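Here is what each chain is made of, one letter per residue.
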Amino acid sequence: MKPLLRTTVAALAAAVAFSAVAQDRVVRIGVLMPISGPGSYFGVMDKEGIELALERFRNGVNGYKLQVQYEDSACSPLQATNTAKRILDQFKPHVVIGEECSDASLAIAPILNEAKVVQLNVGSVTMKLTESGYKYTFRIFPNAEQQSLPLAKVAYNTLKARTAVILHEKTNAGSDNAEGFKKPFEAMGGKVLATIDFGRDVNDFTAIATRIASLGKVDVLPTFALEGQQVRLSQALAQAKVVKGGGGRAVQMGSIWLPYGYDQKAGQAAEGYVRIVQFDPTEKRKMVQDFVSAFKAKYGADKVPTHINAHAYDAILLVAEAVRRGGHDSESIRDQLSKMKGFEVTTGTISFDAKGQTSDLSVVHFVETQKDLSWKALNWQ
Amino acid sequence: MSDLVALVVQQSLNGVYLGCLYVMVALGLTLIYGVLNQINFAHADFVTVGAFAAFFTATRLATRVLGLPDAGAYLLSLIVALGVGALLGLAVNAAVFAPLRRGDELRPLIATIGVSVLLENFQLWLFGPIPYQFDSPFSRETIRIGRIFFTAQSLLVVAVSASAIAALYAFMRFTFLGKALRAVAQDRETAGLMGINPNLLIALTIVIASALAGMAGALLGPVIVLTPFAGGTVIVKAFAIVIIGGFGNMQGTILAGILVGIIEAFTVQYLGSGLIDLVVFVLLLAMLVLRPTGLIAERKEENV
């Protein structure tokens, strides 16, 4: 072989080998989220958070590039199942972030665990997700019990509520949250006058508000539904003079589900609304303020990030941290996540318990909506 | 007024209001079926288009450009939504329904599914998936008579629905075009032999039905969670109402709409809101089994 030809072949072989190594040094992250259907606003906000986080790791982490592929799972168990199978087959992810809706998250959990791929959940509350013994499932969103128990305690102990009407959407998430409130509230001596569930297709809440008004003295109304329905529900309750925002006496209570901006949408009906929040854009922590600034710089000065943006952003931070600590495939990333303790993100600090559930809820706090629709942080816990 | 009486009156009013919203959506469906013997699966999306047209008129065009007060802006948005619905009907008829009408009867039906998917995705691209907050100034006004309450918006919904129904009835009964339309509904070929242009009348039917859908969207906008999929949340109920009322029968649709609204309100009160669909669809199945012609028995010449 002539020297020139030999050199060319050697160079080509080296290039191919280098390319193979470079391709291998990638951590693939599949994102299963609703891009279509009524829950698609989750997908939009998730993507905003993820894209922003990826900018921080443009040059890779620990020599690994983070590669993301978005898929539409539509908040639907069936579509999420099919999408999970397809992405496992074609993209071969090391981590899958998703889904947002509890029913869809539950549907993909066994598939991902069977394939030994890490499932990182950022928005579902159903208890079953981390109570079913899945070894590859982790969740950075507080579960139903973690959200409902403080609500029940504050309702009974701080607000001195003795009667409640629980309102929830008819989903795994809604039912788990409702149950999570009912049991401890009744155990403390409170009385649940009614538990009212409704489908996601219910639009007009006047009849429900009328029914609640007819139930007599109601102290608190824990509510578990998506933002759009919550807005309409609060307005109907105000019109029926049930809640404080309409001149009534009952306090409506909400969970972390409700994104920042609900109060402005519900208007005066939101006055007096008490809820727990995990991500608070007004929180003074540097991590939070840096995130808010970066978010506004990228998406517009008038756009305030919601907890959905923040949780998705945090998911990438968490994967990157696992990679920084030596994770490079599903197994090693899983090991690193299992060991994760006190890792600071915008929604607090992440420490997973043995079941893969986030356990540090130190930043979770209560806020009350004021007359001018701003939040007043409350030191209740 | 005793507690029970007040409650019954209140839930009846809630039911009538809800029923009027359903009727506004269902009327267009029944009109198209009555004249064309065809089901329009894109009707929900016409409603959504109307809602978005009203939203942008009320919150941008009328207030920011024309400087109208909120109430005037919302009333204008009803008219704009009606017009946008009519134009959409005209366009979809010319582009899709008219060319397909000559062939197999199944093709226009399938085409309506295609139009529905297309409109949904186009709106998703144009408006995005994040819900829009569409508040009518009339929703903020609560009228209280003793212990009974209702919003000015619900009063407006009932008034607009009643006016639309009356106008449609008068058009059908007392105008030449209305009579011609009924003739086409009864026998398209014979109507054609009498000098009536069936294609023109069919186009008119689709335009009227779409205009009604557009206006229904404007009325629903402040009630529903406004996304590109919003119409889908009421369309299943609207189909049920059309079947319960007697497919293609206007009076039946109105009666069924109000009935379903009232049944829903009392189901919420006494059985639980989670059972609404169960109760409505048991009623639907019962009607199909016991009285397949619907509440008002079908007499072709009296339809539409």
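Read on for an overview of the structure. Quantities reported herein were computed from a predicted structural model and do not represent experimental measurements.

Attention now moves to the overall build of chain A. Summing up its helical and strand segments, chain A has 13 helices and 14 strands in all. For chain A, whose C-alpha radius of gyration is 23 Å, the value lies close to the compact-globule estimate of 21 Å for 381 residues. Seen along its three principal axes, the alpha-carbon backbone of chain A occupies a region of about 95 × 40 × 35 Å. When burial is assessed residue by residue, chain A has 55% of its 381 residues classed as buried. Put simply, 67% of the contacts in chain A that link residues at least 6 apart link residues at least 24 apart.

Moving on: the interface of chain B and chain A. When the parts of a complex come together, some accessible area is lost, and that lost area is often used as the size of the interface. Taken together, the 29 residues of chain B in the interface contact 27 residues of chain A. Broken down by secondary-structure element, the contributors of at least two residues to the side of chain B that touches chain A are helix 1 (3–36), strand 2 (148–151), helix 9 (232–245) and helix 10 (250–270) of chain B. For the side of chain B that touches chain A, the element with the highest residue contribution is helix 1 of chain B, accounting for 5 residues. When the residues that make up the side of chain B that touches chain A are grouped by side-chain class, the tally is 14 nonpolar, 13 polar and 2 charged.

Attention now goes to the environment of Asp204(A). Among the secondary structure elements, Asp204(A) is positioned in the loop between strand 7 (191–198) and helix 8 (206–213). Distance from Asp204(A) to Ala236(A), taken between C-alpha atoms, is 8.1 Å for residues 32 residues apart in sequence. Once residues within four sequence positions are removed from consideration, Asp204(A) is found in contact with Leu18(B) and Val223(B).

Residues and elements named next belong to chain A. Spatially, 5 strands are ordered 2-1-3-4-5 in an open sheet, and the strand pairing comes out parallel. A strand with exactly one partner marks an edge of an open sheet, and here the two such strands are strand 2 (65–72) and strand 5 (137–139). Each adjacent strand pair in this sheet contributes to an overall mean axis angle of 20°, direction not counted. As defined by bridge partners, strand 1 (residues 26–33) adjoins strand 3 (residues 95–98) across 4 bridges and the pair is classed as parallel. Counterpart to isoleucine 29 in the pairing with strand 3 is valine 95. Taken strand by strand, helix 2 (residues 40–56) contacts strand 1 and strand 2, and its axis lies near 160° from that of strand 1.

What counts and how
- Residues numbered from 1 in each chain as written.
- Chains lettered and ligands numbered in written order.
- Predicted model: local features only at pLDDT ≥ 70, side-chain atom pairs only at ≥ 80, totals over all residues.
- Helix = DSSP H or I, 4+ residues; strand = E, 2+ residues; numbered from the N terminus.
- Rg over C-alpha atoms; globule rule 2.2 N^0.38 Å.
- Buried ≥ 20, exposed ≤ 12 C-beta atoms within 10 Å, placed from the backbone.
- Contact = placed C-beta atoms within 7 Å.
- Nonpolar A, V, L, I, M, F, W, Y, C, P; charged D, E, K, R; others polar.
- Pairing = 2+ DSSP bridges.
- Axes fitted to C-alpha atoms, helices over the stretch in contact; angles between N-to-C directions.

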